[in-house]
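Summary of structural features
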Number of protein chains: 2
Amino acid sequence: MAAWGERLAGVRGVLLDISGVLYDGGEGGGAAIAGSVEAVARLKRSRLKVRFCTNESQKSRADLVGLLRRLGFDVSEGEVTAPAPAACLILKQRGLRPHLLVHDGVRSEFDQIDTSNPNCVVIADAGEGFSYQNMNKAFQVLMELENPVLFSLGKGRYYKETSGLMLDVGPYMKALEYACGIEAEVVGKPSPEFFKSALQEMGVEAHEAIMIGDDIVGDVGGAQRYGMRALQVRTGKFRYLRPQGYLCPPGGPLQSMDMSYRAGGICHAQLWPQD
Amino acid sequence: MAAWGERLAGVRGVLLDISGVLYDGGEGGGAAIAGSVEAVARLKRSRLKVRFCTNESQKSRADLVGLLRRLGFDVSEGEVTAPAPAACLILKQRGLRPHLLVHDGVRSEFDQIDTSNPNCVVIADAGEGFSYQNMNKAFQVLMELENPVLFSLGKGRYYKETSGLMLDVGPYMKALEYACGIEAEVVGKPSPEFFKSALQEMGVEAHEAIMIGDDIVGDVGGAQRYGMRALQVRTGKFRYLRPQGYLCPPGGPLQSMDMSYRAGGICHAQLWPQD
């Protein structure tokens, strides 16, 4: 196994996932993961550029940053790449009016978007909002469209809260895909466009960047397919991953990289580069 | 296109789907589809054996038959093949104790099943029971099992009620499959075992039987793959089918058969064999 210095040669920018890497959500907002507040502080003191690249779609960026700051993280709204603002850009560019199946906490991100007479559906991690009635309404809107368009803010399977594992938006995206016989457009990791915009905002090329996350598909796989390096932390949902759940081909670069990190016994605190 | 007499040569048994073929569910139990009550009566007066083969999983067989009888159909409980009793048989044979995510209306079918300390999950068309909380609970049960086993009573995409289209169990099966990285075992159409038991109960061979339904995948595709003939009615969910929603390979026997029926302009009243 290559030494860490060698693996990180030429890295100029670090993209940090948030949920499961910096903190676990839950009652009262959740809790910072041990060592993460200091790790972010050290990264920011280093020569590296840092950006937060999240699929969080239950909260607006403002609320997410407010929460992180209360937990002690040094982060500002302008440093966060999140799917809701990216979706708004796409909706405007394509003249689309969404039916929104999203959490109330993120609805403010869509304040400037026309939602009358919808010609597409946007789903995000709606949590309790994923009622049968709400899912059925989104389904009916799609079925009434000549060309049904479904956007999903990320496609994560689940995430970890302090109380346990929680279903993310991905399963509900799959449900609507199957019900309507369509394929959703994913806005967020692992979409290449999403990584592209995060890198542009950092001013760093893909081969100069490393993505740090807990999701083997959204974070590690997506970043590697975009030509970035990636590191999977052993916090958040890490320990719950099942081999049969991997989307990557067996023996492919994604799996072997993941395996070598695991074999290396990397733990959260060891992930970060030295000052 | 072959004449109807030729297509139906050698048919000794007719399997009838129920929802979308005999009636559309909805407020106050739903409504019989025009011509269906008389069609069933004519079939029963004919030389043909008749069996009702349904994926209905919101109601017990007793409740379903009670409803159909109130709508005027000549049907008894012993003539119905339904997924909940079939699932109970499998659970007993394999010593499995299910966590049930099902509608209250069908729960009585599982009265004799041990549900303590569950080692599998059974989902059915739970309707409003498909809340986020209930889905998350089923997901958590599966994730805690070493070898997660998920049974789905049918895998229909949606069905039609008098008020409009409604999501069926299939999308929720897909959601849990994706969340857990597993594949569900389907009990009900289009599972070969399900058609087999319906045919055994009729005493008819597959090549002597015809399945009549509104679902191109569950009814038509499943029956054809089991060696039966099949007919798709133009009631129920028929008109809502999207070409991209078909699961069969393009140009395969399923699609071409469906297309020829459509081209033939068959409507519900024309489907039934003459006395």
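Since the model is a prediction, treat every value here as computed from it, not as a measurement. (Residues numbered from 1 in each chain as written. Chains lettered and ligands numbered in written order. Predicted model: local features only at pLDDT ≥ 70, side-chain atom pairs only at ≥ 80, totals over all residues. Heavy atoms only, no water.)

Details of helix H5 (residues 132–143) of chain B
When the terminal C-alpha atoms of H5(B) are compared, their 16 Å separation across 12 residues agrees well with the 16 Å that a helix rising 1.5 Å per residue should span. Restricting attention to buried positions, one finds in H5(B) the residues Tyr132(B), Met135(B), Asn136(B), Ala138(B), Phe139(B), Val141(B), Leu142(B) and Met143(B). (Helix = DSSP H or I, 4+ residues; strand = E, 2+ residues; numbered from the N terminus. Expected span 1.5 Å × (residues − 1). Buried < 20%, exposed > 50% of the residue type's maximum accessible area, 1.4 Å probe, protein only.)

Quick notes on the relation of the copies chain B and chain A
Superposition of chain B onto chain A requires a rotation of 180 degrees combined with a translation of 0.0 Å along the rotation axis, giving an RMSD of 0.0 Å. What we have between these two chains is a two-fold relation. A share of 100% of the interface residues of chain B reappears at the interface of chain A, consistent with the copies meeting face to face through the same patch. (Least-squares fit on C-alpha atoms with pLDDT ≥ 70 in both. Contact = heavy atoms within 4.5 Å.)

Thoughts on the sheet that holds strand S11 (residues 185–187) of chain A
Residues and elements named next belong to chain A. Spatial ordering of the open sheet is given by S6-S7-S8-S11, a layout of four strands whose pairing is parallel. Single-partner strands in this sheet number two, and they are strand S6 (98–101) and S11. Averaged over all adjacent pairs, the angle separating strand axes in this sheet is 25 degrees, with direction ignored. Of the pairings in the sheet, the one linking strand S7 (residues 120–123) to strand S8 (residues 150–153) comprises three bridges and is parallel in character. Bridge pairing links Ile123 to Ser152 in S8. Packing of helix H5 (residues 132–143) onto the sheet brings it into contact with S6, S7 and S8, and relative to S6 it is tilted by some 160 degrees. Along the sheet, helix H6 (residues 169–180) makes contact with S7, S8 and S11, crossing S8 at roughly 165 degrees. (Pairing = 2+ DSSP bridges. Axes fitted to C-alpha atoms, helices over the stretch in contact; angles between N-to-C directions.)

Looking at the side chain of Gln58(A)
Residues and elements named next belong to chain A. Within the secondary structure, Gln58 sits in the loop between strand S4 (49–53) and helix H3 (61–70). Overall, Gln58 belongs to the buried group, its relative accessible area being 16%. If sequence neighbours within four positions are ignored, Gln58 has contacts with His103, Gly105, Val106, Asp125, Ala126, Gly127 and Tyr159.

Digging into the interface of chain B and chain A
Often the size quoted for an interface is simply the accessible area lost on bringing the parts together. Taken together, the contact pairs 38 residues of chain B with 38 residues of chain A. For the chain B and chain A pair, buried surface summed over both sides reaches about 3,200 Å², with 61% attributable to carbon and sulfur atoms. Between chain B and chain A we count zero salt bridges in total. Applying the counting criterion to the chain B and chain A interface returns 12 residue pairs in polar contact (both at pLDDT 80 or more). Secondary structure elements with two or more residues in the side of chain B that touches chain A: H5, strand S9 (158–161), strand S10 (164–167) and helix H6 (169–180) of chain B. Of the residues contributing to the side of chain B that touches chain A, the split by class is 21 nonpolar, 10 polar and seven charged. (Buried area = accessible area lost by both parts, 1.4 Å probe. Salt bridge = Lys/Arg side-chain N within 4 Å of Asp/Glu carboxyl O. Polar contact = N/O pair within 3.5 Å; in protein donor to acceptor, adjacent residues only side chain to side chain. Nonpolar A, V, L, I, M, F, W, Y, C, P; charged D, E, K, R; others polar.)

Things to note about the sheet that holds strand S12 (residues 209–213) of chain B
Residues and elements named next belong to chain B. Pairing within the open sheet is parallel, and its five strands lie in the order S5-S4-S1-S12-S13. Two strands close off the open sheet at either side, each with one partner strand: strand S5 (80–81) and strand S13 (229–232). Judged from the four bridges that link them, strand S1 (residues 13–16) and strand S4 (residues 49–53) form a sheet pairing that is parallel. For Val14, the partnering residue across the bridge sits in S4 and is Val50. Contacts between helix H2 (residues 36–45) and the sheet are confined to S1 and S4, with S4 contributing the most and set at about 140 degrees to the helix. The sheet contacts of helix H7 (residues 192–202) involve S1, S4, S5 and S12, and relative to S4 the element is tilted by about 145 degrees.

A word on the side chain of Gln232(A)
All names here are of chain A. Among the secondary structure elements, Gln232 is positioned in strand S13 (residues 229–232). On the accessibility criterion, Gln232 (4% relative accessible area) is buried. At a separation of 3.3 Å, a polar atom in the side chain of Gln232 contacts the main-chain carbonyl oxygen of Asp214.

Considerations on the domain arrangement of chain A
Residue and element names in this part refer to chain A. Taken domain by domain, chain A comprises domain 1 (10–55 + 189–240) and domain 2 (93–186). Facing the 14 residues of domain 1 at the interface are 10 residues of domain 2. For the pair domain 1 and domain 2, the summed buried surface comes to about 1,100 Å²; carbon and sulfur atoms form 56% of the total. Taken together, domain 1 and domain 2 are joined by one salt bridge. Asp24 serves as the salt-bridge partner of Lys160, at 3.3 Å between the closest nitrogen and oxygen. Counting the contacts that link domain 1 with domain 2 gives two residue pairs in polar contact (both at pLDDT 80 or more). (Domains from an automatic or database assignment.)

With respect to the state of the cysteines
With the rule as written, the count across this model stands at zero disulfides over all chains. Cys53(A) carries a free sulfur, and the closest cysteine sulfur to it, the one in Cys88(A), is 17 Å from it. (Disulfide = S-S within 2.5 Å.)

A few points about the packing of aromatic side chains
Inspection of every chain in the model, using the stated rule, returns six aromatic pairs over all chains. Both rings, one in Phe130(A) and one in Tyr172(A), keep their centres 3.9 Å apart while their planes meet at 5 degrees; by these two values the pair is stacked. Linking Phe130(A) in the loop between S7 and H5 with Tyr172(A) in helix H6, this pair joins segments that are 42 residues apart in sequence. Using a relative accessible area of 0% as the deciding quantity, one classes Phe130(A) as buried. Here a set of aromatic residues connected by ring pairs shows up, and it is made of Phe130(A), Tyr172(A) and Tyr132(B). Stacked on the ring of Tyr178(B), the Lys or Arg Arg157(A) has its end atom at 4.6 Å from the ring centre. (Phe/Tyr/Trp six-rings, centres within 6.5 Å; stacked < 30°, edge-to-face > 60°. Lys NZ or Arg CZ within 6 Å of the ring centre and 35° of its normal.)

A closer look at unusual backbone geometry
Residue and element names in this part refer to chain A. Lys189 connects to Pro190 through a cis peptide bond whose omega is 5 degrees. As for its placement among the helices and strands, Pro190 is situated in the loop between S11 and helix H7 (192–202). Unusually for a residue other than glycine, Asn117 sits at a positive phi of about 40 degrees. Mapped onto the elements of the fold, Asn117 is located in the loop between S6 and S7. Residue Asn117 is classed as exposed on the basis of its relative accessible area of 60%.

With respect to the pairing of strand S12 (residues 209–213) of chain A
Residues and elements named next belong to chain A. Across the five residues of S12, five count as buried, placing the element largely inside the fold. Burial of S12 is two-sided: the residues Ala209, Met211 and Gly213 facing one way and the residues Ile210 and Ile212 facing the other way are all buried. In this sheet, S13 lies alongside S12 in parallel orientation, the contact comprising four bridges. Following the sheet pairing, Ile210 is matched in S13 by Arg229. Chirality of the crossover, the property in question, places the unit of S12, helix H8 (residues 216–225) and S13 among those that are right-handed. (Right-handed = clockwise from strand over helix to strand, strands pointing away.)

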